[in-house]
Amino acid sequence: MTIKMSMCQFAVPFLLPCGIQNQFTLMLWALRGIQKEWRPHSMSEDKGFVEESVVCAKIPLVSFVRLRNCSLSKSQVINNLLSKSQQHYDFFCHRDLDGGCHPRKIANGMVEMCWYLPCGNITFDIFPEPVAIANLRGDVCAFETQFAFLAEVSHAVFVFLDNFEEREQSMFVSSKQMNSKLFFVVNYQRDTNPEVKSSIQSVMEALKLNKEDIIVKSPNVNMAKLTDMICSTIKKSISKYFLFSDIESISRTAQKFGISVDERISETSRSAEQAAQNIMKGIGVRQIVDYKKNQLPLQGKKWKKLSQIEKEECRLQTAGDSKLEEYKAQLQQEIKSIQKKQSEYKKTSAMSEFIQAVTTNDSTERAFFLKWLGHKLDMRSRKYLSSLRHEFKQHCQRKDRDSIAKIDQQLLDSSLGLEHYMRELGHIYEASLRSGERLDKLPTVAAELLRAGFPLELLDGEASNIPEKWVRDVLMELHKMVGQNSRLLVLTVLGVQSTGKSTLLNTMFGVQFAVSSGRCTRGAYMLLLPVGEDLKTELSCDFILLIDTEGLKSPDLAHLDNSYEHDNQLATFVIGLSDVTIINVAMENFTEMKDILQIAVHAFLRMRELGKKPICHFVHQNVAGVSAHNKLRTERQHLLDHLNEMTQIAATMEKKTNISKFTHVLDYDVELNNWYIPGLWYGTPPMAPVNTGYSVGVFEFKKNMLNQLKGRTGEEFFDISQFLEWMSSMWRAVKFENFIFSFQNTLVAHAYDNLCKEFSEWEWSFKRHIYSWLESATTQISNAETSCLQAVEDIVEALFTDGKTEIASQEKEMLVKLKDYYKRKDRHVGLVERYKVDFIRNIQSLQTEMTNTVRNKLDAALQLTINMAKMKDLHRKQAVMIEEQVLQLLKNCKGRKDMLSDEDLKADFESMWNKALVNISGLKERDIPSEILKELHSSFGHLKMTEHMENVKDLTEYGRVEFKVKSKKHLQTLKKVLKVFSKRNLKQEVQSVADTAIQNCERMIEVSAKSKNDHQTFLTKELIEKIDEYIKQVSSKTNITFEADLKLYICSIASRKYLEMHRKFLADKDPLKHLEACKSQYLSDFIDLYRRKDQCHRKAQDFTQLCLKPAVTDYINQSIGTDIVDAILNSKYSTEYGSRSYFQYNILQELLEKEKFKDFVRYIQNYETYVKDWIYEHIVQCFSEDISLCQLKTKKLGVIMKKIDDAVEKSQHGDDGHSLPNDSESTTVLIQNLCKALSKDISISTDTVDRILFQNTSLCDPFTKSLLQNLNDLKRELEEEIAKSSDITETLNIVSVKPQNELFNRVFGCGKQCPFCKAPCEAGGNAHQQHHAAVHRPQGLGAYRYVTTDMLSEEICTSSVHGNGAFQNNETNFQTHSFKDYQKHYPDWLIPPDRSIEASDYWKYVLVKYNEEFAQEYEAKPAEYPSAWNSIDKDQALKGLKSAFSMK
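Owing to the predicted nature of the structure, the values given are computational and were not obtained by experimental measurement.

Examining the packing of helix α44 (residues 1224-1237) against helix α46 (residues 1260-1284)
- Put simply, α44 and α46 touch, their axes get as near as 8 Å, and they point 40 degrees apart. Between α44 and α46, the crossing angle belongs to the class labelled oblique. Viewed along their axes, α44 and α46 form a crossing whose handedness is right-handed. Each of Ser-1226, Thr-1227, Leu-1230, Ile-1231 and Leu-1234 in α44 lies in contact with α46, whose residues at this interface are Cys-1260, Phe-1263, Thr-1264 and Leu-1267.

Here it is in structure tokens:
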């Protein structure tokens, strides 16, 4: 409070009445924080100044008192004395002020104090040296103790009076010892009684005072003349003294008068002061530089060296000709060495005392200690820093670059404050973590201090580094203290040096960031402010975290080598952390702020790319006038033009061509985001008070800023744990000088992963719906009447139209889900805003994919129906012929007179049957290989390929031996200079793709061949399209012959498999075999018709067993694929398919556990095949151990049986809604109705139905009753069959929707692999713009090798692309190309730095363990890797894997 009163030039309490008579307190502690700057006239020429605490400054004291009868306002006279006519200010309250006439209740007896401080200008200054003014409130005679004390310590005492009363005369006469200090200011009126004058004269004579000791205010002496006389008297009086006392010395005098001193009343304060003094004694007269080196060693050269090495480890700027991984290993070794030395330090005596003091359980004593130590350190440092600053200024004027750098370092080295001890505390804690000595209490203490309002260093500006473990543990301790309710609104102020950044924060939030002249302590500090309960909901935060930074663009340091880099890193870092950034500008025009704006715009652009959009306000200080906002409209537009220009420059540097305006980067409004605030001081410092307009302007800015935040619709702010994750990622990006680091940022990675998981659920919901619709559609096609093919084609087209409508509906629903997801506040969706377009594109891609799937499935169903129609027509004709023969035989038998026995009937039937089948022939076999060869020919669009295929006659004769890539035959012609190396390397790469193509196509052929259908032409088309996908991967490296040979090889395999499939189909559908299967049914019908038996039960049983059972079984087997997928995704295994990154983690973890070299090779070289096999085996394992296939099938059975029961109930009524008559015709109608009702659910063979209805005599009611009974029996029968057969592999082969394929598509993604190390892409969806992988590998694992040595490369892509190395391959036409510019050849790949040093330990371990094996596999020499890799064990590899994928 006293500090703010002093800033406003209000007099502050010096002696405070305590309510008990004559018991006063000297406010020494309250005054200790007041710092003042002034320039005495002795320093005017060299422009020096004095900066000192008012408690420690030796300043003459002048006191003012009054007698009871004084009519002149003493306080008003003092105000006039201390004010220039053009700069009048009321330092002391007086009767003419607003509220000044109220009766006094506690003020009487209080002594107030203020200071007059010269500015060094004779024209302005009243006194050439500083003067302290004390003012006693009330009648001096009533407060003799205070008067006696003031008389003792003052250099002059002015007594205001109108006359002397008797008691007053005696008091002054008895105080002759202070007559040399006393001056009377007498207010004579025109009618003043002569006795009054006489009393005054007698006192003067008694005290032996001269005429100079009395100042008469006569009627013809105005206030200006009076103050001039008092001023002259003060100057003369002070000039007699050569030594002055400071307030601290005065406080000791006060105790002689029974006046207590506030800071000495409390035992806690005294104890804390003693602890602080003990530390100060340790400093003694030593140089601060030496003291810091000995007592605060952990923040010295080793810490600074460690900071440099950590940055170099990221940037690799001085690697030279060294191998990058070896160089990085050396750097890591240096880091470990320094950290080890740091951990070996023992606590120094100073830090032991400091830790003992701050770890006290008494929080009050701790606060006192820190304040005491801060005061004492400031006073100690200030003495030496003043001369250094003066020297620094002289060198700046001479622009002596080397001297400036030297003095600047001396300023840093000679600065010693509380922050240095707190910094050392953090280093001690970090060292203890490595040494095993746990100091867990230190973060707790620091968290308590932060919560209590003490700033905590975030960024050490001297070393440009962050003690991350210390900051993390302190903030996490705070996170626990507040019950994890720690949402942070982070606010930062940036600005040019000495533009009032800290003052702005202090004024806005009532905090006390250090305000000092010069650039001593660098970096960034944070301070925590709790948010009131009323604002928590409105602001959606629990705390406001203020970050105060050092000034940017110091004009004196601007030309030093690292100045711009330092400022850029600092600004980028704090802007990246902040939700609100205030850019402070202390000038009216905008030309001087270009540099800081360039830095800020670049930082904002980088944050936009991460999805973080801070609010930005420009505060223009020192802009006065009520019309400033309107008059400076042109300047605001000028500012926006500058911002746009800088945005374009930054966007060009960051290669963001779509950004051209500042408003593309931030939500910026020229009118709402610019604030004009008058200057801080009202007049000329140091006597200028704080400008009221400044406070009002700051308040208005704060109010509008908070209102803007209240109206914010974005997601919630980070809590402390999330803030720390973000901070680590931001600092890592700063060290790398790389902000395209998306997925190396843990929060971005988690946000992206969450979105991918949600998207996968939406995608599967979309697919499942369409697959369900497709089942119904294909069933309708198979049930369609094939007598008119055009009608069937019309049905297919109508269904395709319906399908597109369903797809459009699902697409719209998915887009709505995506839109709603981005409105959520709990998933940090802003961080993945930039990927929204990718996911929209993925939805569009999914829509296209499902449209093609529906088209292909419907066309395949149509083709199958057409082909089956011929088969059915043949079967129907044969059935008609057999039925005619049966009826003729029935007529003949009935014509006989004698009754025939069953044996006779069977004999006659057998004779008829044998004669009827004599003329029935089998089905003709198609030339499947020729059909496939024809499709293969038609797939080639160029003449050369057709010529190449002319000699192929019998496709089945090809593909009998293993496919081998041959350099001369299959690869592009290469330059001679790299012929041997490149051919071998390319051959291996192309062979790997060919092997993958063959394996996956064989699997595709195998699955198709296992179906019970006939071969269709679309199968060959799909196969050739799949082959083309693989050929495209190596099209730039291979020639036409490779394409022909690979297609020929795979299609030859297909020709043999599909021919076998066709023959099996012909065997199953052979007319003789088909009729033989119906023989028993015809015989039963024949005998029943002859005997005139009731057919109801048998017909119902036949319909159930021959029509419904196959249809239901087929329905379960065909449609259960989606249920299997759901079962996996809803089980404990769901997380393994939740996202691509988690899937990758699981596979790599399993590879590490099994430690089989061949598995690693398959994973790297045949990734797609490996993943498919892994998923297939995983599904089999799941259904063998935890998930019941029987339950899934039984559930499916229950669903379809319920539909059949409902259909039977519905089919018993005619079109008019009435029950069907009880006759045989109604039975036929019932069955037809039932088939129609189920036409969308199951496919019932019409041939079989017709056969069952042959000569039907069953009445409708008994048939229905028997049918319902048989349905119950059928359900029990199928349940028993399901229970006996639970072979998941058989099910996976026959389902229409393959679960293994769906899960593969869910986690496989685009299937692209890193061009250097073959790490698979993990980006969500298939239509993303850029590929990325969480962890890259030594490139040798992907068969990359050095040209000159043929050794496998040990370099990891994440190092290479940030180093100075080069690569050459087929894409670069085997010309050397810089790794840093890899995106020129691979624009769709993003290779950011590793998330941590340990991230690549997994693959380092694999390379070390199998180095010889990989070399043999790739026909290369083993890699030469850093020896440090040998120390990586299996546990470290797993730990590195977890780090890479952010697994807890």
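Quick notes on a nonpolar patch on the surface
- A surface patch of nonpolar side chains, amounting to about 240 Å² of accessible area, comprises Ile-3, Met-7 and Trp-681.
- Its place among the elements puts Trp-681 in the loop between β18 (674-677) and α26 (692-710).

So, the sheet that holds strand β15 (residues 543-549)
- Here we have seven strands laid out as an open sheet, ordered β12-β14-β15-β13-β16-β17-β18, and mixed in their pairing. Each of the sheet's edge strands pairs with one partner strand only, and the pair in question is β12 (456-460) and β18. On average, each strand axis in the sheet is inclined to that of its neighbour by 25 degrees, with strand direction left out of account.
- Here seven bridges tie strand β14 (residues 523-530) to β15, and the two strands are oriented antiparallel to one another. Across the sheet, Met-526 pairs through a bridge with Ile-547, a residue of β15.
- Packing of helix α19 (residues 468-481) onto the sheet brings it into contact with β12 and β14, and relative to β12 it is tilted by some 150 degrees.

Some points on helix α52 (residues 1434-1444)
- When α52 is considered as a whole, its buried residues turn out to be Ala-1437, Gly-1440, Leu-1441 and Ala-1444. Along the axis of α52, the buried positions cluster into a sector of 105 degrees, meaning they face one direction only. Summarising the geometry of α52, the exposed residues directed more than 90 degrees from the buried face are Asp-1435 and Lys-1439.
- Close packing links the buried residues of α52 with α40 (1140-1154) and α50 (1401-1409).
- The N-cap residue of α52 is Asp-1433: its side-chain oxygen and the backbone nitrogen of Asp-1435 are 3.2 Å apart.
- One or two positions beyond α52, positive phi appears at Ser-1446, with a value near 55 degrees.

As for the packing of helix α41 (residues 1157-1165) against helix α42 (residues 1167-1185)
- Here α41 crosses α42 at 115 degrees, and the two axes come no closer than 5 Å. For the pair α41 and α42, contact is made by Asp-1159, Arg-1162, Tyr-1163, Ile-1164 and Gln-1165 and by Tyr-1167, Thr-1169, Tyr-1170 and Asp-1173, respectively.
- Class assignment of the residues belonging to the contact of α41 with α42 gives a composition of four nonpolar, two polar and three charged.

Quick look at the packing of aromatic side chains
- Per the stated rule, a full pass over the model turns up 56 aromatic pairs.
- Between Phe-147 and Phe-172, the ring centres sit 5.5 Å apart and the planes meet at 70 degrees, which makes this aromatic pair edge-to-face. On the criterion of sequence distance, the pair formed by Phe-147 in helix α4 (residues 144-153) and Phe-172 in helix α5 (residues 166-173) is long-range, its members being 25 residues apart. Here Phe-147 matches Phe-172 in class, with each residue buried.

Quick notes on the sheet that holds strand β7 (residues 131-139)
- A sheet is described by the order of its strands in space; here nine strands give the open sequence β10-β9-β8-β5-β7-β6-β1-β2-β11, paired in mixed fashion. The open sheet terminates on both sides in strands that have one partner only, identified here as β10 (214-217) and β11 (260-261).
- With six bridges joining them, strand β6 (residues 111-116) and β7 adopt antiparallel strand pairing. The partner of Cys-114 across the bridge, within β7, is Ile-133.
- Contacts between helix α3 (residues 74-82) and the sheet are confined to β5 (61-66), β6, β7 and β8 (156-161), with β7 contributing the most and set at about 165 degrees to the helix.

Digging into the pairing of β8
- Within β8, six of the six residues are buried, which leaves it mostly tucked inside the rest of the structure.
- Burial along β8 is two-sided: Ala-156, Phe-158 and Phe-160 and Val-157, Val-159 and Leu-161, pointing in opposite directions, are all buried.
- Of the pairings in the sheet, the one linking β8 to strand β9 (residues 182-187) comprises five bridges and is parallel in character. Following the sheet pairing, Leu-161 is matched in β9 by Val-186.

Brief notes about empty space enclosed by the protein
- Summed over all chains, the structure comprises 10 cavities of 30 Å³ or more.
- Of the voids in this model, the largest cavity is the one considered here, and its volume is about 80 Å³.
- Mapped onto the lining of the largest cavity, the elements with two or more residues apiece are α28 (746-782), α39 (1096-1129) and α48 (1299-1308).
- When grouped by side-chain class, the residues that make up the lining of the largest cavity number four nonpolar, two polar and four charged.
- In this model, the second largest cavity occupies a volume close to 70 Å³.
- Cys-756, Phe-759, Ser-760, Glu-763, Phe-839, Gly-1138, Ser-1139, Arg-1140, Arg-1306, Gly-1324 and Gly-1325 are the residues that line the second largest cavity.
- Counting residues per element, the lining of the second largest cavity draws most heavily on α28, which supplies four residues.
- Residues that form the lining of the second largest cavity fall into these classes: three nonpolar, five polar and three charged.

Re the side chain of Lys-1298
- Considering the arrangement of structural elements, one finds Lys-1298 in the loop between α47 (1288-1294) and α48.
- Despite its burial, Lys-1298 remains without a salt bridge, the nearest opposite charge being carried by Glu-1302 at 11 Å.
- What Lys-1298 contacts, discounting residues up to four positions off in sequence, is Val-1007, Leu-1292 and Asn-1293.

Brief notes about the side chain of Asp-246
- With respect to the secondary-structure elements, Asp-246 resides in the loop between α7 (223-239) and α8 (247-254).
- Among the polar contacts listed, one links the side chain of Asp-246 to the side chain of Lys-58, at a separation of 3.5 Å.
- Of the polar contacts made by the side chain of Asp-246, one reaches the backbone nitrogen of Glu-248; its length is 3.2 Å.
- Not counting the four nearest positions on each side in its chain, Asp-246 is found in contact with Val-55, Cys-56, Ala-57 and Lys-58.

Here's the deal with the pattern of salt bridges
- Summed over all chains, the structure comprises 54 salt bridges.
- Residue Asp-1068 is joined to Lys-1073 by a salt bridge in which the shortest nitrogen-to-oxygen separation is 3.8 Å.
- A relative accessible area of 46% places Lys-1073 in the partly exposed class.
- What emerges from the salt-bridge pattern is a single network uniting Arg-423, Glu-457, Asp-460 and Glu-462.

Things to note about the nonpolar core
- Counting 217 residues, the largest nonpolar core has Phe-354, Tyr-421, Phe-573 and Phe-1414 as the members making the most contacts within it.
- Among all residues touching Phe-354, those that are not within four sequence positions of it are Ile-279, Phe-369, Leu-370, Leu-373, Leu-418, Tyr-421, Met-422 and Leu-425.
- Formed by 84 residues, the second largest nonpolar core is a distinct cluster that contains Ala-57, Tyr-116, Ile-126 and Ile-250.

A few points about the environment of Arg-434
- Inspection of the secondary structure puts Arg-434 in helix α17 (residues 418-435).
- For the pair Arg-434 and Thr-227, spaced 207 residues apart in sequence, the C-alpha to C-alpha distance is 69 Å.
- Sequence-distant contacts of Arg-434, that is, excluding residues within four places in its chain, are made with Gln-339, Gln-342 and Ser-343.
- A polar side-chain atom of Arg-434 sits 3.4 Å from the main-chain carbonyl oxygen of Gln-339.

Concerning the environment of Ser-695
- Residue position: Ser-695 is located in helix α26.
- Take Ser-695: its relative accessible area is 32%, and that puts it in the partly exposed class.
- As for Ser-695 and Lys-767, which are separated by 72 residues in sequence, their C-alpha atoms are 62 Å apart.

Thoughts on the state of the cysteines
- Counted under the stated rule, the structure contains zero disulfides.
- The thiol sulfur of Cys-541 is not disulfide-bonded, and the nearest other cysteine sulfur, from Cys-616, lies at 19 Å.
- For Cys-541, a relative accessible area of 0% translates into the label buried.
- The thiol of Cys-1310 is not disulfide-bonded; the next cysteine sulfur, from Cys-1321, is found 3.6 Å away.

A word on unusual backbone geometry
- Here the residue pair Pro-685 and Pro-686 is connected by a cis peptide bond, since its omega of 10 degrees sits within 30 degrees of zero.
- Following the sequence through the fold, Pro-686 ends up in the loop between β18 and α26.
- The backbone of Glu-1419 sits at a positive phi, close to 55 degrees, despite the residue not being glycine.
- Structurally, the position occupied by Glu-1419 is in the loop between α51 (1411-1417) and α52.
- Note on Glu-1419: relative accessible area 51%, which makes it exposed.

Regarding helix α31 (residues 902-916)
- The terminal C-alpha atoms of α31, which comprises 15 residues, lie 21 Å apart, in line with the 21 Å expected from a rise of 1.5 Å per residue.
- All of the buried residues along α31 are Leu-905, Phe-909, Met-912, Trp-913 and Ala-916. Here the buried residues of α31 occupy an arc of 100 degrees about the axis, which is enough to place them on one side. In α31, the exposed residues that point more than 90 degrees away from the buried face are Glu-903 and Lys-915.

What counts, and at which threshold
Residues numbered from 1 in each chain as written. Predicted model: local features only at pLDDT ≥ 70, side-chain atom pairs only at ≥ 80, totals over all residues. Heavy atoms only, no water. Axes fitted to C-alpha atoms, helices over the stretch in contact; angles between N-to-C directions. Helix = DSSP H or I, 4+ residues; strand = E, 2+ residues; numbered from the N terminus. Parallel < 35°, antiparallel > 145°, perpendicular 65-115°, else oblique. Left-handed = near helix turned anticlockwise from the far one by under 90°. Contact = heavy atoms within 4.5 Å. Patch = residues over 30% accessible without salt bridge, like charges linked within 9 Å, V, L, I, M, F, W, Y side chains within 5 Å. Areas by Shrake-Rupley, 256 points an atom, 1.4 Å probe, with all protein chains shown as cover. Salt bridge = Lys/Arg side-chain N within 4 Å of Asp/Glu carboxyl O. Pairing = 2+ DSSP bridges. Buried < 20%, exposed > 50% of the residue type's maximum accessible area, 1.4 Å probe, protein only. Arc of directions from axis to C-beta. Polar contact = N/O pair within 3.5 Å; in protein donor to acceptor, adjacent residues only side chain to side chain. Nonpolar A, V, L, I, M, F, W, Y, C, P; charged D, E, K, R; others polar. Phe/Tyr/Trp six-rings, centres within 6.5 Å; stacked < 30°, edge-to-face > 60°. 1 Å grid on protein atoms, 1.4 Å probe; cavity = no way out; pocket = protein on both sides within 12 Å on 5 of 7 lines; lining within 4 Å. Points joined across faces, edges and corners; volume = space filled by probe spheres on them. Lys, Arg positive; Asp, Glu negative; His and termini not counted. Core = buried A, V, L, I, M, F, W, Y, C linked by side-chain atoms within 4.5 Å. Disulfide = S-S within 2.5 Å. Expected span 1.5 Å × (residues − 1).

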